[in-house]
Protein chains: 2
Amino acid sequence: MHPLLTHITEQINITETEFAQSLEYFEQVHFKKKALVIRADELVDRQFFVLKGCLRSYLLDDQEREHTVQFAIENWWVSDFTAYFTGAKSILYVECLENCVLLSIHKSTLERLYKEVPTLEKFFRRKLENAFVSFQKRIISNLYKTAEERYQEFITNYPNIEQRVRNYQIASYLGITPESLSRIRKMSMNG
Amino acid sequence: MHPLLTHITEQINITETEFAQSLEYFEQVHFKKKALVIRADELVDRQFFVLKGCLRSYLLDDQEREHTVQFAIENWWVSDFTAYFTGAKSILYVECLENCVLLSIHKSTLERLYKEVPTLEKFFRRKLENAFVSFQKRIISNLYKTAEERYQEFITNYPNIEQRVRNYQIASYLGITPESLSRIRKMSMNG
């Protein structure tokens, strides 16, 4: 079964015909490791479904320090969604950490697809609800959980990702230093 | 104009007739100051639009400390949306900080309303997109902004709310102590 079909049917019912119709609206794109799928300060009219590979979205602050906002692996969606939803310019970079194969869809194409396969509007609403839930969880964790607890949540959310990304990237996702992350890892291996 | 109509037309086009139809699906409910609209460990099948009043959602950690997740004033929506979306039990309390008048809608009623006035499905998708944007902003702020900067963002997001809520509640939203909040406020008044 196509990975996107598997992914969609986790949320909604869709017929094989509807899925085949839908798939035609997506474009398969290839990016090399280290390529930037999105740069800061651009308009963003596409979102991407990951067929293969691993990506990271991050922002650069005034001191050019990187802050990791999201990772994406197979069956995740990635974009600068704030820019995508609002029409404002992007603040994020989306970088390929490996060679990547993505399915790309344009915002206006997706609107047309909703008309042809209305059930997909429900699918994307569900995805937004799930994002709401995971964002709220991350905000709550930031309010009062320890770095150790947040690290444990991270490896639950992103199973098997640790081998695919660099330590400083995980540290910057958690808002801690790479040294703190190493200490936490040692503790959790001994614990 | 009805405040809910004003609020909806900021996002989508809706006719007076469609709005009148929609309004019948909502129930107007009154809560006294200090009443709990939602308690932790319950099923949540309603969301609320604030006609009048001020509310706060918070969670209690293992040490019974309160952590403020959201405030809501006129024209905001409030619920434990994680519980509402997923069907899991609530982890939040939603408390009235003033006497409140709310419009309440049941999840299954809203699904029926979508069928009658389909444009509202788009409206609620837009609201979710906006929530996504503001959550992501808050996560990014937590990653690298100072408490001062996060306080400034708070008063931009919730204008005029400071007179309506208590200092420790704002502090617990920002994840800082009430003492730090007082210091930041003094600095920002002198600055």
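Report follows, based on the coordinates. (Residues numbered from 1 in each chain as written. Chains lettered and ligands numbered in written order. Predicted model: local features only at pLDDT ≥ 70, side-chain atom pairs only at ≥ 80, totals over all residues.)

**A closer look at the overall build of chain A**
Phase 1 of the analysis: Counting its secondary structure elements, chain A contains eight helices and eight strands.
Phase 2 of the analysis: Among the 191 residues that make up chain A, the fraction classed as buried is 28%.
Phase 3 of the analysis: Considering only contacts within chain A whose residues lie at least 6 apart along the sequence, 70% involve residues at least 24 apart. (Helix = DSSP H or I, 4+ residues; strand = E, 2+ residues; numbered from the N terminus. Buried ≥ 20, exposed ≤ 12 C-beta atoms within 10 Å, placed from the backbone. Contact = placed C-beta atoms within 7 Å.)

**Concerning the sheet that holds strand S5 (residues 66–72) of chain B**
Residues and elements named next belong to chain B.
Phase 1 of the analysis: Taken together, the four strands give an open sheet; going across it, the order is S2-S7-S4-S5, and neighbouring strands pair in antiparallel fashion. A single partner strand is all that each edge strand has here, and the edge strands are strand S2 (36–38) and S5. Each adjacent strand pair in this sheet contributes to an overall mean axis angle of 30°, direction not counted.
Phase 2 of the analysis: Strand direction decides the pairing type here: S2 and strand S7 (residues 93–96), joined by two bridges, are antiparallel. (Pairing = 2+ DSSP bridges. Axes fitted to C-alpha atoms, helices over the stretch in contact; angles between N-to-C directions.)

**A look at the relation of the copies chain B and chain A**
Phase 1 of the analysis: Rotating chain B by 180° and moving it 0.0 Å along the rotation axis overlays it on chain A with an RMSD of 0.0 Å. What the superposition gives is, in effect, a two-fold axis relating one chain to the other. (Least-squares fit on C-alpha atoms with pLDDT ≥ 70 in both.)

**Points about the interface of chain B and chain A**
Interface size is commonly expressed as the accessible surface area that is lost when the partners come together.
Phase 1 of the analysis: Facing 24 residues of chain B, the contacting portion of chain A comprises 24 residues.
Phase 2 of the analysis: Ranked by residues supplied to the side of chain B that touches chain A, first place goes to helix H5 (residues 119–144) of chain B with 15 residues.
Phase 3 of the analysis: Of the residues contributing to the side of chain B that touches chain A, the split by class is 13 nonpolar, six polar and five charged. (Nonpolar A, V, L, I, M, F, W, Y, C, P; charged D, E, K, R; others polar.)

**Things to note about the sheet that holds strand S2 (residues 36–38) of chain A**
Phase 1 of the analysis: Spatial strand order, S2-S7-S4-S5 (chain A): four strands in an open sheet with antiparallel pairing. Bordering the open sheet on either side are S2 and strand S5 (66–72) of chain A, each of which pairs with just one other strand. Along the sheet, successive strands turn relative to each other by an average axial angle of 30°, direction set aside.
Phase 2 of the analysis: Relative to the sheet, helix H7 (residues 167–174) of chain A contacts strand S4 (55–60) and S5 of chain A, its axis offset from that of S5(A) by approximately 100°.
Phase 3 of the analysis: In this fold H5(B) packs onto S4 and S5 of chain A, with an angle of close to 135° to the strand it touches most, S5(A).

**Digging into the environment of Met1(B)**
Residues and elements named next belong to chain B.
Phase 1 of the analysis: For Met1, the location among the structural elements is in the segment before helix H1 (3–9).
Phase 2 of the analysis: Since 9 C-beta atoms lie within 10 Å of it, Met1 is described here as exposed.
Phase 3 of the analysis: C-alpha separation for the pair Met1 and Phe135, spaced 134 residues apart in sequence, amounts to 30 Å.

**Digging into the pairing of S5(B)**
Phase 1 of the analysis: Within S5(B), five of the seven residues are buried, which leaves it mostly tucked inside the rest of the structure.
Phase 2 of the analysis: Linking two consecutive strands that pair antiparallel, namely strand S4 (residues 55–60) of chain B and S5(B), is a turn of five residues; a positive phi of about 65° is found at Glu64(B) within it.

**Side note on the packing of helix H6 (residues 147–157) of chain B against helix H8 (residues 178–190) of chain B**
Residue and element names in this part refer to chain B.
Phase 1 of the analysis: In the contact formed by H6 and H8, the axes pass within 10 Å of each other and the chain directions differ by 75°. Judged on the interaxial angle alone, H8 and H6 are roughly perpendicular. Together, Ala147, Glu148 and Tyr151 of H6 and Ser180, Ile184 and Met187 of H8 make up the contact between the two elements.
Phase 2 of the analysis: Each residue belonging to the contact of H6 with H8 can be placed in one class, and the counts come to four nonpolar, one polar and one charged. (Parallel < 35°, antiparallel > 145°, perpendicular 65-115°, else oblique.)

**Here we look at the environment of Lys127(B)**
Residues and elements named next belong to chain B.
Phase 1 of the analysis: If you trace the backbone, Lys127 turns up in helix H5.
Phase 2 of the analysis: Accessibility expressed as a C-beta count within 10 Å gives 16 for Lys127, which makes it partly exposed.
Phase 3 of the analysis: The sequence separation of Lys127 and Trp77 amounts to 50 residues, and the corresponding C-alpha distance is 9.3 Å.

**Focus: the pairing of S4(A)**
Residues and elements named next belong to chain A.
Phase 1 of the analysis: In this structure, S4 lies alongside S5, joined through six bridges in antiparallel fashion. Following the sheet pairing, Ser57 is matched in S5 by Gln70.
Phase 2 of the analysis: Relative to strand S7 (residues 93–96), S4 runs antiparallel, the two sharing four bridges. Each residue of the ladder has a partner; that of Tyr58, found in S7, is Tyr93.

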